[in-house]
Amino acid sequence: LRKFRCKRICRPKVTIKDLDRRPPSYADRWAPMLAGNGCSGCMACAEVCPTGAIAFNNSGQILFKHDACIACRACTDLCEPGVLILGPGIGGAVTRSELSYVGSTDKASADEPAIRPLKTPGPSKTIKIFAKSMHVREVDCGSCNACELEIAAISNPVYDAERFGISFVASPRHADVLFVTGSVTRQMELALNKTMAATPSPKLVVAVGACACSGGLFGNTQFAGAGVDASIKVDIYIPGCPPSPRAILSSIRGLQRGTITRSEHDHSR
Ligand code: SF4
Ligand code: SF4
């Protein structure tokens, strides 16, 4: 019994201490991007993409919309090896345009930079009011439940969100932050708006997953919308299908610390 107790006391801790400094794992490498020159501009990747996350323009540029990417890897499997690769997944952003990148193909003019952000984010302000305590209500608006599993994982002993004061509550009336998943089906639009109204201000809205960010694979139809921001204002978008617990927690931590700043959205009523 003494030996057993010693083992329990001395065993290594499982909790990840420094989330930001940990190198990306296989699960974190999901975002397609150009590895350098070599893209011939054949457009095969855009044709195979099920969500329209890759597009080409007349200037010979390739546009990656990572808010719509479901990480199916059909594009990278189709392309020549070493041209289109899977880069580290992008963390949370305050605008969808921050989740888009433009790369140059061989058909583009020589002075185009290889990869550059499409657009700079608009005006934003730091919010640290939830720095030490953040109560979260999760709202499923038509997800496949994979995003829910990853959200639930941030409370497990490995990620231990409660050490940062992040806890889940059972009612929007007790919440500071809404985590919304799914592309917002027509039946859930009213429920989402009512949940939003029931959440006291100040509040934040976080779109978790490709469905919530852009509509994903199931959105943009007669049954589901084009993501959460088609119904309510969103403060932070976390891409991925589903985003890893680390991406979710790092994004929320960034918001708490002020390293990610939210847009000038007014949720006050
Ligand atoms: S991984 Fe799939 S969804 Fe993402 S850009 Fe490639 S083909 Fe489109
Ligand atoms: S983003 Fe992907 S994992 Fe999340 S609900 Fe949509 S399909 Fe499921």
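Residues numbered from 1 in each chain as written. Chains lettered and ligands numbered in written order. Predicted model: local features only at pLDDT ≥ 70, side-chain atom pairs only at ≥ 80, totals over all residues. Heavy atoms only, no water.

**Quick word on the pairing of strand β10 (residues 177-181)**
Strand residues, when the strand is regular, have side chains that alternate between the two faces of the sheet.
In step 1: Of all five residues in β10, five are buried; the element is thus mostly enclosed.
In step 2: Across the two faces of β10 the burial is the same, with V177, F179 and T181 and L178 and V180 all buried.
In step 3: Across five bridges, the pairing between strand β8 (residues 134-140) and β10 is parallel. Within β10, the position partnered with V136 by the bridge is V177.
In step 4: Both β10 and strand β11 (residues 204-208) contribute to a ladder of four bridges, which runs parallel. By the bridge assignment for β11, V177 is matched with L204.
In step 5: Crossover handedness for the path β10 to helix α5 (residues 186-198) to β11: right-handed. (Buried < 20%, exposed > 50% of the residue type's maximum accessible area, 1.4 Å probe, protein only. Helix = DSSP H or I, 4+ residues; strand = E, 2+ residues; numbered from the N terminus. Pairing = 2+ DSSP bridges. Right-handed = clockwise from strand over helix to strand, strands pointing away.)

**A word on the site of ligand 2**
In step 1: The environment of ligand 2 is made up of S143, C144, A146, C147, G209, A210, C211, F218, G240, C241 and P242.
In step 2: Among the secondary structure elements, those contributing two or more residues to the shell around ligand 2 are α4 (146-153) and α6 (210-214).
In step 3: When the residues that make up the shell around ligand 2 are grouped by side-chain class, the tally is eight nonpolar, three polar and no charged. (Near = heavy atom within 4 Å. Nonpolar A, V, L, I, M, F, W, Y, C, P; charged D, E, K, R; others polar.)

**Focus on α5**
In step 1: Where α5 is concerned, the buried positions are L192, T195, M196 and A198. Viewed along the axis of α5, the buried residues span an arc of 155°, placing them on a single side of the element. Turned more than 90 degrees off the buried face of α5, the exposed positions are L190 and K194.
In step 2: Considering only its buried residues, α5 is in contact with β8, β10 and β11. (Arc of directions from axis to C-beta. Contact = heavy atoms within 4.5 Å.)

**Some thoughts on the side chain of R246**
In step 1: Secondary-structure assignment places R246 in helix α7 (residues 245-257).
In step 2: Those residues in contact with R246 that lie beyond four places of it in its chain are L19, D20, R22, P23, P24, D28 and Y159.

**Some points on the pattern of salt bridges**
In step 1: In this structure the tally under the stated criterion is three salt bridges.
In step 2: The salt bridge involving R186 is made with E189; its shortest N-O contact spans 3.0 Å. Placement of both R186 and E189 in helix α5 is noted, with a separation of three residues, approximately one turn of the helix.
In step 3: Since its relative accessible area comes to 38%, R186 is described here as partly exposed. (Salt bridge = Lys/Arg side-chain N within 4 Å of Asp/Glu carboxyl O.)

**What to know about the confidence of the model for the protein**
In step 1: For the protein, per-residue confidence averages 83 on the pLDDT scale, and residues scoring 70 or more make up 83% of the total.
In step 2: Contacts for the low-pLDDT stretch residues 110-124, under 50 throughout, to residues beyond four places or in other chains number 29 contacts. (pLDDT = per-residue confidence, 0-100.)

**Regarding the environment of G52**
In step 1: You can see G52 is positioned in the loop between α2 (44-48) and β2 (54-56).
In step 2: G52 gets classed as partly exposed once you look at its relative accessible area, which sits at 31%.

**Overview of the nonpolar core**
One recurring pattern in soluble globular proteins: nonpolar side chains tend to sit buried together.
In step 1: In this structure, V180, L192, V205, A207 and V228 are the most contacted members of the largest nonpolar core, which totals 24 residues.
In step 2: Only β1 (29-34), β10, α5, β11 and α6 provide two or more residues apiece to this core.
In step 3: Contact partners of V228, with chain neighbours within four places excluded, come to V180, G182, V184, L192, V205, A207, A212 and V234.
In step 4: Ranked by size, the runner-up nonpolar core spans 22 residues in total, among them M134, V136, I166 and V206. (Core = buried A, V, L, I, M, F, W, Y, C linked by side-chain atoms within 4.5 Å.)

**Observations concerning α4**
In step 1: Residues of α4 that are buried: C147, E148, I151 and A153.
In step 2: Those residues of α4 that are buried are in contact with β8, β9 (166-168), β10, β11 and α7.

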